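Each chain, written out:
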12 protein chains.
Amino acid sequence: MSKSPITSPLPAAERDATGKVLQEALVDLVDLSLVAKQAHWNVVGRNFRSVHLQLDELVAAAREYTDQVAERAAAIGVSPDGRASTVAKHSGVPEFATGWQSDTEVIAVIAATVEAVVKRMRARIAKTDDTDLVTQDLIIELTAKLEEAHWMWQAQLA
Amino acid sequence: MSKSPITSPLPAAERDATGKVLQEALVDLVDLSLVAKQAHWNVVGRNFRSVHLQLDELVAAAREYTDQVAERAAAIGVSPDGRASTVAKHSGVPEFATGWQSDTEVIAVIAATVEAVVKRMRARIAKTDDTDLVTQDLIIELTAKLEEAHWMWQAQLA
Amino acid sequence: MSKSPITSPLPAAERDATGKVLQEALVDLVDLSLVAKQAHWNVVGRNFRSVHLQLDELVAAAREYTDQVAERAAAIGVSPDGRASTVAKHSGVPEFATGWQSDTEVIAVIAATVEAVVKRMRARIAKTDDTDLVTQDLIIELTAKLEEAHWMWQAQLA
Amino acid sequence: MSKSPITSPLPAAERDATGKVLQEALVDLVDLSLVAKQAHWNVVGRNFRSVHLQLDELVAAAREYTDQVAERAAAIGVSPDGRASTVAKHSGVPEFATGWQSDTEVIAVIAATVEAVVKRMRARIAKTDDTDLVTQDLIIELTAKLEEAHWMWQAQLA
Amino acid sequence: MSKSPITSPLPAAERDATGKVLQEALVDLVDLSLVAKQAHWNVVGRNFRSVHLQLDELVAAAREYTDQVAERAAAIGVSPDGRASTVAKHSGVPEFATGWQSDTEVIAVIAATVEAVVKRMRARIAKTDDTDLVTQDLIIELTAKLEEAHWMWQAQLA
Amino acid sequence: MSKSPITSPLPAAERDATGKVLQEALVDLVDLSLVAKQAHWNVVGRNFRSVHLQLDELVAAAREYTDQVAERAAAIGVSPDGRASTVAKHSGVPEFATGWQSDTEVIAVIAATVEAVVKRMRARIAKTDDTDLVTQDLIIELTAKLEEAHWMWQAQLA
Amino acid sequence: MSKSPITSPLPAAERDATGKVLQEALVDLVDLSLVAKQAHWNVVGRNFRSVHLQLDELVAAAREYTDQVAERAAAIGVSPDGRASTVAKHSGVPEFATGWQSDTEVIAVIAATVEAVVKRMRARIAKTDDTDLVTQDLIIELTAKLEEAHWMWQAQLA
Amino acid sequence: MSKSPITSPLPAAERDATGKVLQEALVDLVDLSLVAKQAHWNVVGRNFRSVHLQLDELVAAAREYTDQVAERAAAIGVSPDGRASTVAKHSGVPEFATGWQSDTEVIAVIAATVEAVVKRMRARIAKTDDTDLVTQDLIIELTAKLEEAHWMWQAQLA
Amino acid sequence: MSKSPITSPLPAAERDATGKVLQEALVDLVDLSLVAKQAHWNVVGRNFRSVHLQLDELVAAAREYTDQVAERAAAIGVSPDGRASTVAKHSGVPEFATGWQSDTEVIAVIAATVEAVVKRMRARIAKTDDTDLVTQDLIIELTAKLEEAHWMWQAQLA
Amino acid sequence: MSKSPITSPLPAAERDATGKVLQEALVDLVDLSLVAKQAHWNVVGRNFRSVHLQLDELVAAAREYTDQVAERAAAIGVSPDGRASTVAKHSGVPEFATGWQSDTEVIAVIAATVEAVVKRMRARIAKTDDTDLVTQDLIIELTAKLEEAHWMWQAQLA
Amino acid sequence: MSKSPITSPLPAAERDATGKVLQEALVDLVDLSLVAKQAHWNVVGRNFRSVHLQLDELVAAAREYTDQVAERAAAIGVSPDGRASTVAKHSGVPEFATGWQSDTEVIAVIAATVEAVVKRMRARIAKTDDTDLVTQDLIIELTAKLEEAHWMWQAQLA
Amino acid sequence: MSKSPITSPLPAAERDATGKVLQEALVDLVDLSLVAKQAHWNVVGRNFRSVHLQLDELVAAAREYTDQVAERAAAIGVSPDGRASTVAKHSGVPEFATGWQSDTEVIAVIAATVEAVVKRMRARIAKTDDTDLVTQDLIIELTAKLEEAHWMWQAQLA
């Protein structure tokens, strides 16, 4: 379909700018959910159980906001793209190492990963301030959740 | 970690053969869940609502078995790999088109996609017959679920 | 009672401007809930069941925000008015036709109706930016919900 | 649509008489739910909380039977009409005053309002005795509920 | 057992007449539940999912009232008979065709089937008016449910 | 208070006749709940557990309808009286023996007790046919429940 | 049955003394539940709703401990007696007046009634100190609950 | 429809052999659910309550597997047939006697009935070993459930 | 570990005496739960179902208090021991016979078994009166539960 | 620890300014929850029950936002302080009087207390507009809740 | 109010002595809940997540018993005082340090804190033995809970 | 009883061989549940809470499969034996040490214990391949669960 079948509540320029922000956030969130699952399966070490459980909470949060971000894109008339190849190519999330990982490494890596995503989301809050307050509200909400997660992972490094 | 920290209940040969089967199944299932979500967000047409809801049931099933398959690999001492780049490179699931899709196209594509995954899973049932009956039982169970899904998608093409 | 028994957290000018926005939003939302129920009962056609169910979700959303908007008005010291005669006189929601309606008509009409309400709500987001950020947050939240609903109805027209 | 797409389980005369009863009951019930919500938002006074909660129970009951009455009309092949303008024009429910209301006034007014609706419903029980016992059973059930509500409001006047 | 071990709250004539009504209703309802399940499994076509789900709601309703009708017969001292051979011989429900069925055919056939059962139930309401008001109340209640189902199936034919 | 503070939806004669029926039903139901609890505590014998549990279901049913009957009396403006002394003086329920009771005796006594109450309720259905159909509907509903209970107790005597 | 079929964990003297305490407590609690229900149905006045609801919480507490006390008697081999005639003859609970009662009277009467029952229960705590600590624990627990209720009723008199 | 609209994951020969097994199992399970309901309604005797409840658990199990078996047939491209006439003609379940049945007879008959079905299911486990392991897994699972039921019924004959 | 890592809220003498009581109670309760499960699996006879279910309630109670008793021991600084060999050696619970058991035997044996445990627990209530009121409260609570169970088993012997 | 172990998503100046706002809000909210509990326990008078229940809703809201505010502080790298001495020293909430309080006084005092907290929160919304939109969103949300509570308390003064 | 509006079930001396015990327990429990929350927010270190969660369970227990203790005071006619200033002045709970705390420190501090509270509660059990057994029962119950918590915190120090 | 009252769905040789497998599995599982509870109570150390919780999940799994294995034995006509003395004598589970245990030791011991049980279960899968596929399916299912548990315990050793 060459033309969007969904009319937008936003003017074209705002729609395009906001849609770009949402598409990039979507890719980050899909990748975050895959990375967290990868860590969930491959973590070993003394704190295995605690880290294993905490990672699934991160997966749940990432999936929940993936869906909200993608459906927000659709709601403003922009087709979201969360396919594996798109994620592999465009994600801003650092790649997770292969194989079994010790719990101490996992904690450090996940804390850094969430921090990286938070930084990118904060830039998106700034961008949407001019294009769509409704979208901004969603990015603010998910950033709050990610910053909470960041604190909880980082607290284990102290 | 060069050596698996998890000892296997299987002899090395059976562990390796079974682990390969599980790793391939894992990649297919992660991709299936991403494809089904992609369709969930991009479908349009008269039957939007029904197809949108049905796709989320497929996502739920794919995610549920993704987790079981990955944790089964871990349980036999094989590190599972479900990262975006691995999935993008090794998935046996046909790629889903970009942009909005009509509901009729979605139904046909998803029916064909599930059928392709079923075929690959049936081959895995045969392979695990000789290497690990516990793993085979899991593949049988998820194949039953996928074949049920296949019928329900295909029934809409009639 | 000539004077409001509820003191306002806002200065008089902001209270009046915000109260006007909320009263108008209230009327639109009550009418939207009645229109959606009317369609829920009178729709016929091949997709009866799907549309019938989807309309009740719209009713539930409209009722939920009706209550929040009216109670927000009360909270800033402005008496809300959601009576039938007030709604009949002041609603900005297009009137729904009388008698049985085909599902295709219902989908088109409801998509257009929600679009009209969204437009009015977006104007209210702008207005409350200067008068009350707390009220604005509520209007942003309900607009997000309505724009999601709009996408889902419009997707069926493609 | 000039002709009802729903065939009736009743002969034409019984269908028309019963349909008229149901349409009038529908209008009363929609209005009762709007009046009770209006009071719910505007009541003030010493017993605010208790009256505020009790009104929402009345709203819930009115909405529940609104839906059952409208769907019963549809089930006998008569298109129900519960739109704001229809309700504003044809309701037999006394109009509720504008602005904040003291709890004592609200109790007296709501008791009288429910009493008025009960009287009209009792006449409908008599009418449906000859036209449709299935519809009569529904009107009997909702009258029992309204008479219970009437007792509870009136008990506060003693 | 030649004599009923359950004494009846009704005189013999009323018991026998009411028991006959209940036995016939029981057979119709068992058959309706089997027909609806048969359709549930064999429907194909564009609206497969919606029809498949709606049929299971009909099965649930038919089973619920099957049980109530049979237990009402027992309660008035009449042994109910819902065995396959009895149902096959005495049911008033039109036979459902063999093999896969298109969704459009299924909707038409089920609408007609429910209509046929409603007609028979309405006659039973009339009969029990003279023999047992308690049984009549049950038949009225299940007729209301069947007429609601009839409307919902028929609405899809419009 | 010499005068009822609750106005009645019924004319005085119907109110008085219906009120008398409800007061008598109330006394029977309170006593039935006390008798069933007495049996619940004092039954012994091989089937202790089954009878003990079944008696509590009878208590629950009796209490539920006690409340509905008393509140129906209030709803028609008649003060209900369910005090111990009133029940002891006016109940139509046969007195239950003192001390431990064998399960076989309990089953026979409870079956006979429920049968006695059913007979009295059926007379009340007849009486309310002329005075208040809304009250009659309640008596019909509770009679259905009591007749079901009667069957289940009596079935154990066969 | 002349002899108790239930052997006691207590010596005969302790069993008899404890059994007497439990029987008297049982009668008080049954009567309390009937008095509270009577008030629940007959209260009128400005605070009707609040008092009506609070009385049902008292009914629930009284019924819960009625059951525990009666079953504790059975557990020590003493047949409990909670029949209407026994309660009417032996209750220590003051009789509740006939007819409608104002909410202020109800609050005062119920506060006094609960206070009377508390006094009798405190004497029973003292008595069971020498005969059965297990029974005493139950009486202490229910006294705590009654004293809490007493506070809440009395607080409304201040 | 002359040709199955559902393509099979199995080769034609395996599909036909497996489909035949599933169709026969389906007929047995529908009949088992009807026989168990028939017994549920017609049992009398000292153990009425226990047997009545246990029969409904059997009904629930039979219905659950009826559905799974029928949908498995559909999933392999074979149209299932569970209509009354088909069941009456082809069931391998012994016919249940007419009229009221003593609990002792019911227990013996149901134990024998379940035993007969188990025998037929065990033969089906053997047959599907060569044709479809996914179907075999389902038959194994339902046989486990039926053998558990068989033990529980037979235990009452000891 | 030669020294308890958990400091006690009790002086050494009270800790040791109370710890001994708890350890003995623990062993009895573990064995009671195993005996009740053994009976649950091996009972046969007319009342199989009722006894089978009642035994699982006893298992649940025994397990619940096993855990509370063991954790109370830990809380006062005493390591609990509930291993199979300890239980086999030190339990005061009579051994349960091997093989299938008739329901009448099971009822008699379980009633006697619970009675034996009650006797031992009552002695523990006396002992803890001087050493730890907090522990005594727990033993009183579990004795109440066991005496209730004892009544219910014994009632079936009458 | 002299240095925060949690890195902040905000620059130092914004972190400090936002952290100060959150710390002050935290102290107010802890105190509000203690004041509301104090009133919950000490209120007496005609409306005791209603006020007692409403106060617990205020406690629940205050506790919920206490936690969110404190964890938001932690998330931006600022250690929150909600200890009794800190609250006693720095709270902006007016002190609640000692001893029993009449319901009328409680309503007036709580309305004034919530109003005072709202005023302070509104200033915090303004301050965070420049320092952290994510924190502002939380303060807006809790202010909305407090203003709703304020309306409900104040409505009882009218 | 100079005089308590709540009459006491206890004589004056017992009331005063018991009231003093309850007031002191109340202050300790409020402070314990604040200390545990403070730790919940400020803990850092490898075991952050586990300690963070466990602290919230302690908060929940402390709050639950705070409420029961305060309401017990009210029930015996003594006004409870749980305000921040009272707690800050009279608490027997050791003050918690300011700022972030390592998990090892938190575990040691909380174990010691709970131990201190337990000691004070044990003294209260002794005191209430002579003044009020109902209050004593509550202190025993909460001491059991605190000692369980103490074990679980201390176990982490081993 | 010299002869099994339960007829077997298996020929005698298969029944005996399968029964032996099930009896041995039963003993292992009972012991595993007791060992896990023992560890649950006696573990101390930094990871106390995590290990304590994880052990209760193992207890729950062991108990669940204990019941299924015992009831499967009964279902094939073999009396199961799970008494303390039988378990103490025949268990293949390594004995757990007495007294408090450090968390590191507990993790190592439980990992080794589960590994030992898994090995024995895998041999049982092989044996039942020839004697009973229904039983084999159960052993496969519980082995999958145990191997998952094994991975999770072992992961903590890495």
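Not measured: the values here are computed from a predicted model.

Draft legend 1. Representation of the interface of chain A and chain B in the model. The interface of chain A with chain B comprises 40 residues on the first partner and 40 residues on the second. Here chain A meets chain B over a buried area of about 3,100 Å², counting both sides, of which 62% is carbon and sulfur. Looking only at chain A, the three residues that lose the most surface to chain B are Trp-41, Arg-83 and Trp-100 of chain A, adding up to 27% of its buried area. The interface formed by chain A and chain B holds two salt bridges in total. Put simply, Lys-37 of chain A and Asp-67 of chain B hold a salt bridge, and the shortest N to O gap is 2.6 Å. The interface formed by chain A and chain B holds 20 residue pairs in polar contact (both at pLDDT 80 or more) in total. Put simply, the parts of the chain that give the side of chain A that touches chain B at least two residues each are α1 (12–42), α2 (48–75), α3 (84–90) and β2 (101–102) of chain A.

Draft legend 2. A look at the relation of the copies chain B and chain E. When chain B is fitted onto chain E, the two copies agree to an RMSD of 0.0 Å after a turn of 120° and an axial shift of 0.0 Å. Put plainly, the chains are arranged around a three-fold axis. No C-alpha of chain B lies nearer the rotation axis than that of Ser-50 of chain B, which sits 4.1 Å from it. Counting the interface residues of chain B, we find that no more than 8% of their copies in chain E are interface residues as well, pointing to two distinct contact surfaces.

Draft legend 3. Spotlight on the confidence of the model for chain A. Considering every residue of chain A, the mean pLDDT works out to 97; 99% of them sit at 70 or more. Interface confidence in the predicted complex, given as ipTM, is 0.96; pTM for the same model is 0.97.

Draft legend 4. Representation of the side chain of Thr-66 of chain C. Mapped onto the elements, Thr-66 of chain C comes out in helix α2 (residues 48–75). For Thr-66 of chain C, a relative accessible area of 6% puts it in the buried group. With residues up to four places along the chain from it excluded, the contact list for Thr-66 of chain C reads Leu-26, Leu-29 and Val-30 of chain C together with Trp-41 of chain D.

Draft legend 5. Seen up close, the environment of Val-118 of chain D. For Val-118 of chain D, the position within the fold is in helix α4 (residues 103–131). Residues contacting Val-118 of chain D, with those up to four places away along its chain left out, are Leu-146 and Glu-147 of chain D together with Pro-9 of chain F.

Draft legend 6. The packing of aromatic side chains, seen in detail. Overall, the coordinates contain 12 aromatic pairs over all chains when judged by the stated rule. Their ring planes at 70° and their centres at 5.7 Å tell us that Trp-151 of chain H and Phe-48 of chain I sit as a pair that is edge-to-face. Of the two residues, Trp-151 of chain H sits in helix α5 (residues 133–154) while Phe-48 of chain I sits in helix α2 (residues 48–75), which places them in two different chains.

Draft legend 7. Region of interest: the UniProt feature "domain: Ferritin/DPS" (unreviewed entry) in chain A. Within this numbering scheme, the UniProt entry marks residues 21–157 of chain A as carrying the feature "domain: Ferritin/DPS" (unreviewed entry). Overall, residues 21–157 of chain A shows 79% helix and 3% strand. The separation of its end C-alpha atoms is 32 Å.

Draft legend 8. Expanded view of the relation of the copies chain A and chain B. Superposing chain A onto chain B takes a rotation of 180° plus a shift of 0.0 Å along the axis, which leaves an RMSD of 0.0 Å. Such a combination of rotation and displacement between the chain copies is what one expects of a two-fold axis. Minimal C-alpha distance to the rotation axis in chain A is attained by Ala-84 of chain A, lying at 2.9 Å. Interface overlap between copies: 100% of the residues of chain A at the interface are likewise at the interface in chain B, consistent with a symmetric, same-surface contact.

Draft legend 9. Expanded view of the pattern of salt bridges. Following the criterion strictly, the structure yields 156 salt bridges over all chains and no others. Salt-bridge contacts for Glu-147 of chain D lead to Arg-122 of chain D; the nearest nitrogen and oxygen are separated by 2.8 Å. Remark: Arg-122 of chain D occurs in helix α4 and Glu-147 of chain D occurs in helix α5 (residues 133–154); sequence separation between them is 25 residues. Through salt bridges with shared partners, a single ionic network connects Arg-72 and Asp-132 of chain A together with Arg-122 and Glu-147 of chain C.

Draft legend 10. Region of the structure containing a negative patch on the surface. Residues Glu-64 and Glu-141 of chain A, Glu-64 and Glu-141 of chain C together with Glu-64 and Glu-141 of chain J make up a contiguous surface patch of negative charge. Within the secondary structure layout, Glu-141 of chain C lies in helix α5 (residues 133–154). On the basis of relative accessibility, which here comes to 37%, the residue Glu-141 of chain C falls in the partly exposed class.

Draft legend 11. Representation of the side chain of Arg-49 of chain E within the structure. The topology assignment puts Arg-49 of chain E in helix α2 (residues 48–75). A residue is classified by how much of its surface remains accessible, and Arg-49 of chain E, at 12% relative accessible area, is buried. Discounting residues that sit within four places of it in the chain, Arg-49 of chain E has contacts with Ser-50, Leu-53, Gln-54 and Glu-57 of chain B.

Draft legend 12. Spatial organisation of the interface of chain B and chain E. With 12 residues of chain B at the contact, the number on the chain E side is 10 residues. Its largest share of buried area at the contact with chain E, chain B owes to Asn-47, Trp-151 and Gln-156 of chain B, together 41% of the area lost on that side. As a salt-bridge pair, Glu-57 of chain B and Arg-49 of chain E come within 2.7 Å of each other at their nearest N and O atoms. Connecting chain B to chain E are two residue pairs in polar contact (both at pLDDT 80 or more). Those elements giving two or more residues to the side of chain B that touches chain E turn out to be α2 (48–75), α4 (103–128) and α5 (133–154) of chain B.

Conventions and cut-offs
Residues numbered from 1 in each chain as written. Chains lettered and ligands numbered in written order. Predicted model: local features only at pLDDT ≥ 70, side-chain atom pairs only at ≥ 80, totals over all residues. Heavy atoms only, no water. Contact = heavy atoms within 4.5 Å. Buried area = accessible area lost by both parts, 1.4 Å probe. Salt bridge = Lys/Arg side-chain N within 4 Å of Asp/Glu carboxyl O. Polar contact = N/O pair within 3.5 Å; in protein donor to acceptor, adjacent residues only side chain to side chain. Helix = DSSP H or I, 4+ residues; strand = E, 2+ residues; numbered from the N terminus. Least-squares fit on C-alpha atoms with pLDDT ≥ 70 in both. pLDDT = per-residue confidence, 0-100. Buried < 20%, exposed > 50% of the residue type's maximum accessible area, 1.4 Å probe, protein only. Phe/Tyr/Trp six-rings, centres within 6.5 Å; stacked < 30°, edge-to-face > 60°. UniProt positions renumbered as here; feature names shortened; annotations may be inferred. Patch = residues over 30% accessible without salt bridge, like charges linked within 9 Å, V, L, I, M, F, W, Y side chains within 5 Å. Areas by Shrake-Rupley, 256 points an atom, 1.4 Å probe, with all protein chains shown as cover. Lys, Arg positive; Asp, Glu negative; His and termini not counted. Charge placed at Lys NZ, Arg CZ, Asp CG, Glu CD.

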